[in-house]
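These are the residues of each chain, in order.
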Amino acid sequence: MNIESLVRTIPDFPKKGISYKDITPLLQDYKVMEYCVKKFAEQIDSPIDKVVGIESRGFFFATLLAKELKAGFVPIRKSGKLPYNTLKEPYDLEYGQDELEIHEDAILKGEKVLIHDDVLATGGTAKAACNLVERLEGEIIQCNFLIELTFLEGKNQLEGKEILSLIKY
Ligand SMILES: O=P(O)(O)OC[C@H]1O[C@H](OP(=O)(O)OP(=O)(O)O)[C@H](O)[C@@H]1O
Ligand SMILES: Nc1ncnc2[nH]cnc12
């Protein structure tokens with residue numbers, strides 16, 4: 001299946017100079033979503049306790065993947081959205097700055113964690129997510145992404161982590 005053809009590139013969104021990868025066409029077909037979930041799942045060879053999805057586009061596949069892997073789902077959200085006690089991590093992204101949060105009881109010490117997001121760009125977001133999981137003493141088994149913008153070298157931020165991306169630009 002050619003999933004790359006279902007990613008739409010929007011020039012100068014949300015800021016001039018950014019070539020935005022829009023995954024919404026890919027989400028419109030449940031067979032494509034099934035295919036992606038299968039592709040992710042077949043490259044995870046140890047049991048997973050929690051799949052962590054990063055707000056907001058990371059949530060789409062993280063919940064599907066959690067169900068497929070018979071794991072729990074944990075949201076990492078942007079500042080001020082989670083209602084209970086949280087841990088916070090500031091981060092930089094390709095077009096700005098923000099802060100991510102996780103509930104303090106979302107991951108138990110030693111739990112095996114898969115981190116998912118739609119896009120790995122500069123890696124700031126994924127790195128902050130890894131820091132949050134590791135502060136809760138979760139063990140990160142893999143970080144996976146639908147899309148990796150290799151020219152931004154986000155992988156360098158995730159040294160020592162297993163990384164999987166279905167589509168690379
Ligand atoms: O590797 P980085 O340079 O950190 O960028 C990747 C992040 O940027 C996008 O999220 P965005 O902050 O645009 O939020 P959204 O998912 O809510 O649209 C994307 O979904 C990743 O989370
Ligand atoms: N170019 C891009 N397209 C979509 N999401 C992104 N997140 C960071 N950079 C992005």
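Residues numbered from 1 in each chain as written. Chains lettered and ligands numbered in written order. Predicted model: local features only at pLDDT ≥ 70, side-chain atom pairs only at ≥ 80, totals over all residues. Heavy atoms only, no water.

- The protein appears in an unreviewed UniProt entry as Adenine phosphoribosyltransferase from Mesonia algae.
- What UniProt records for the protein under Sequence similarities (unreviewed entry) is the sentence "Belongs to the purine/pyrimidine phosphoribosyltransferase family." (UniProt positions renumbered as here; feature names shortened; annotations may be inferred.)

**Regarding the side chain of His116**
Reasoning step 1: In this structure, His116 sits in strand 7 (residues 112-120).
Reasoning step 2: Note on His116: relative accessible area 1%, which makes it buried.
Reasoning step 3: Side-chain polar atoms of His116 contact the side chain of Asn144, separated by 2.8 Å. (Helix = DSSP H or I, 4+ residues; strand = E, 2+ residues; numbered from the N terminus. Buried < 20%, exposed > 50% of the residue type's maximum accessible area, 1.4 Å probe, protein only. Polar contact = N/O pair within 3.5 Å; in protein donor to acceptor, adjacent residues only side chain to side chain.)

**Concerning the environment of Ile10**
Reasoning step 1: Inspection of the secondary structure puts Ile10 in strand 1 (residues 8-11).
Reasoning step 2: Overall, Ile10 belongs to the partly exposed group, its relative accessible area being 30%.
Reasoning step 3: Residues Ile10 and Val51 lie 41 residues apart in sequence; the distance between their C-alpha atoms is 29 Å.

**A short note on helix 3 (residues 58-68)**
Reasoning step 1: The set of residues buried in helix 3 consists of Gly58, Phe59, Phe61, Ala62, Leu65 and Ala66.
Reasoning step 2: Once helix 3 finishes, Lys70 follows within two positions and takes phi at roughly 55°, a positive value.

**Topic: the nonpolar core**
Reasoning step 1: Membership of the largest hydrophobic core comes to 27 residues, with the highest contact counts inside it found for Leu26, Cys36, Ile48, Val51, Phe61, Leu146 and Ile147.
Reasoning step 2: Looking at this core, the element that brings in the most residues is helix 2 (residues 30-41), giving five residues.
Reasoning step 3: With residues up to four places along the chain from it excluded, the contact list for Ile48 reads Leu69, Lys70, Ala71, Lys112, Val113, Leu114 and Ile141.
Reasoning step 4: Counting residues in each nonpolar core, the second largest holds 24 residues, with Val52, Ala106, Ala126 and Cys143 among its members. (Core = buried A, V, L, I, M, F, W, Y, C linked by side-chain atoms within 4.5 Å. Contact = heavy atoms within 4.5 Å.)

**A word on the site of ligand 1**
Reasoning step 1: Around ligand 1 sit 16 residues, and of these Lys78, Asp117, Asp118, Thr122 and Thr125 come closest.
Reasoning step 2: Side-chain polar atom of Lys78 to an oxygen atom of ligand 1: 2.6 Å apart, as the coordinates give it.
Reasoning step 3: At 2.5 Å, a side-chain N or O of Asp118 approaches an oxygen atom of ligand 1.
Reasoning step 4: For ligand 1, whose unbound accessible area comes to 500 Å², protein coverage reaches 89%. (Near = heavy atom within 4 Å. Areas by Shrake-Rupley, 256 points an atom, 1.4 Å probe, with all protein chains shown as cover.)

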